[in-house]
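# Examining the three-dimensional arrangement
Next come the chains, spelled out residue by residue.
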Amino acid sequence: MAPTHVLRCCQRGLAWIPVIFIALVVCWSYYAYVVELCIFTIPSIGEQIVYLIFFHLSFIMFVWSYWKTIFTKPANPSKEFCLPKAEKERYEKEELPESQQEILWRAATSLPLYTRTGAGAIRYCDRCQVIKPDRCHHCSACDMCVLKMDHHCPWVNNCVGFSNYKFFILFLAYSLVYCLFIAATVLQYFIKFWTNELPDTHAKFHVLFLFFVAAMFCISILSLFSYHLWLVGKNRSTIEAFRAPVFRTGSDKNGFSLGFRKNIAQVFGDQKKYWLLPVFTSQGDGLTFPTRLVNSDVEQATVTLQPEPSKSAAEVPVSPLSESQNRLLSNDQHANNIGEHLANNTLKSAESETITISVESES
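Predicted model, so just to flag it, every value in this text is computed and none were measured. (Residues numbered from 1 in each chain as written. Predicted model: local features only at pLDDT ≥ 70, side-chain atom pairs only at ≥ 80, totals over all residues. Heavy atoms only, no water.)

### Section: the packing of helix H7 (residues 202–234) against helix H9 (residues 260–268)
In contact at an axis separation of 7 Å, H7 and H9 are set at 110° when each is read in the N-to-C sense. For the element pair H7 / H9, the angle class is roughly perpendicular. Contacts from Val232, Gly233 and Lys234 of H7 reach H9 at Phe260, Asn263, Ile264, Val267 and Phe268. (Axes fitted to C-alpha atoms, helices over the stretch in contact; angles between N-to-C directions. Helix = DSSP H or I, 4+ residues; strand = E, 2+ residues; numbered from the N terminus. Parallel < 35°, antiparallel > 145°, perpendicular 65-115°, else oblique. Contact = heavy atoms within 4.5 Å.)

Put into structure tokens, the structure is as follows:
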């Protein structure tokens, strides 16, 4: 038992190595830019001031978002998704998967669950002993279930999920701005040192290496940032991009997509003034998410309703509908009521005409 505990502590310590590496690179880049470039290399005072102002703005936003991504604790399922003590004991005693699923189906009747396993069963984590909410997955590195898990990032030593996904996007954005600004402003002095227009000083190594590092990080961050922007626009996580979520009607890669604007608001919130700040503004609680009752891409003009498969009430428990589903169902019911009302009026008018004709014929 003791060796396992020691091994776990060693793994947690080693997991901070990538974060320490990034911190050392950032500290060196600050020294190289501020001291070696702005103070010892750039001759113009005005140019120094302008460069230092914009550099510190990008540096502060980059460090702030990076800090929030690292130290924001991943959100976990609430207690309502845990099995009651009696049901948990019955579940552990059962050996047949069918009997275990019956227990999970009964426990999930009051939970807002719309996704299933590939076999159509309730998603349950034996490690954490909780019924997984929609878009929740177990992280083996963090050893916990994480709400709306995207991936485990070694560069922040944390799980990227519902609680810090906005911070992660901003971290990528501001790190890209930071590297682009350094590369753009260092380029002319890089060329001068490379062509020996400037004398060889101790600043030459820092300036040359600073440009190479900034350009290298720019290329890698740009591809990752572009990919996650695409995911935000589609309202998918990295896990869902590789494996489409399974609903009652089958797998649907666009099951959580609500349209581009609403997808953006899901991550960044409704108030645009907070979009660029690393403060939490994401919509919802991470336990439930609006879903669509249609099985087609929201970017297409036409959609088709997807019927529910015929199952008995004992097989499929009724779960509460999301807000978007309630709105769609209420609109359908309203349309049906209007149709019934018009049909009744038509029948009444037809009956009155028949009575009038019969009276005139008798007279």
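Following the structure, the description resumes.
### Examining the environment of Lys73
Looking at the element boundaries, Lys73 is found in the loop between helix H3 (45–71) and helix H4 (85–93). Residues Lys73 and Asn158, spaced 85 residues apart in sequence, show a C-alpha to C-alpha distance of 8.0 Å.

### Considering the packing of aromatic side chains
Counted under the stated rule, the structure contains 28 aromatic pairs. Measuring from ring centre to ring centre gives 6.0 Å for Tyr33 and Phe181, while their planes differ by 45°; the resulting arrangement is tilted. On the criterion of sequence distance, the pair formed by Tyr33 in helix H2 (residues 17–39) and Phe181 in helix H6 (residues 165–194) is long-range, its members being 148 residues apart. Of the two residues examined, Tyr33 and Phe181, each falls in the buried class. Put simply, the rings of Tyr30, Tyr33, Tyr51, Phe55, Phe59, Phe62, Tyr66, Phe168, Phe171, Tyr178 and Phe181 touch in pairs and so form one group of aromatic residues. The cationic tip of Arg135 hangs over the ring face of Phe256; the distance from NZ or CZ to the ring centre is 4.3 Å. (Phe/Tyr/Trp six-rings, centres within 6.5 Å; stacked < 30°, edge-to-face > 60°. Buried < 20%, exposed > 50% of the residue type's maximum accessible area, 1.4 Å probe, protein only. Lys NZ or Arg CZ within 6 Å of the ring centre and 35° of its normal.)

### Topic: the side chain of Arg236
Structurally, Arg236 is set in the loop between H7 and helix H8 (238–242). Exposure remark for Arg236: the relative accessible area of 10% places this residue in the buried category. If we ignore the near neighbours within four places in the chain, the residues touching Arg236 are Arg135, Trp230, Leu231, Lys253 and Asn254.

### Observations concerning the UniProt feature "transmembrane region" (unreviewed entry) in the chain
Residues annotated in UniProt with the feature "transmembrane region" (unreviewed entry) correspond here to residues 12–33, 48–67, 167–191 and 203–227. Helix and strand shares over residues 12–33 are 91% and 0% respectively, and the end C-alpha atoms of the span are 33 Å apart. (UniProt positions renumbered as here; feature names shortened; annotations may be inferred.)

### Points about the nonpolar core
Counting 52 residues, the largest nonpolar core has Tyr33, Phe55, Tyr165, Ile182 and Val186 as its most contacted members. Taken together, the elements giving at least two residues each to this core come down to H2, H3, H6, H7 and H9. The leading source of residues in this core is H6, at 18 residues. The residues contacting Tyr165, other than those within four sequence positions of it, are Asp150, Val160, His228, Leu231, Val232 and Val267. Among the nonpolar cores identified, the runner-up in size contains 24 residues, and Phe81, Tyr91, Tyr124 and Leu147 belong to it. (Core = buried A, V, L, I, M, F, W, Y, C linked by side-chain atoms within 4.5 Å.)

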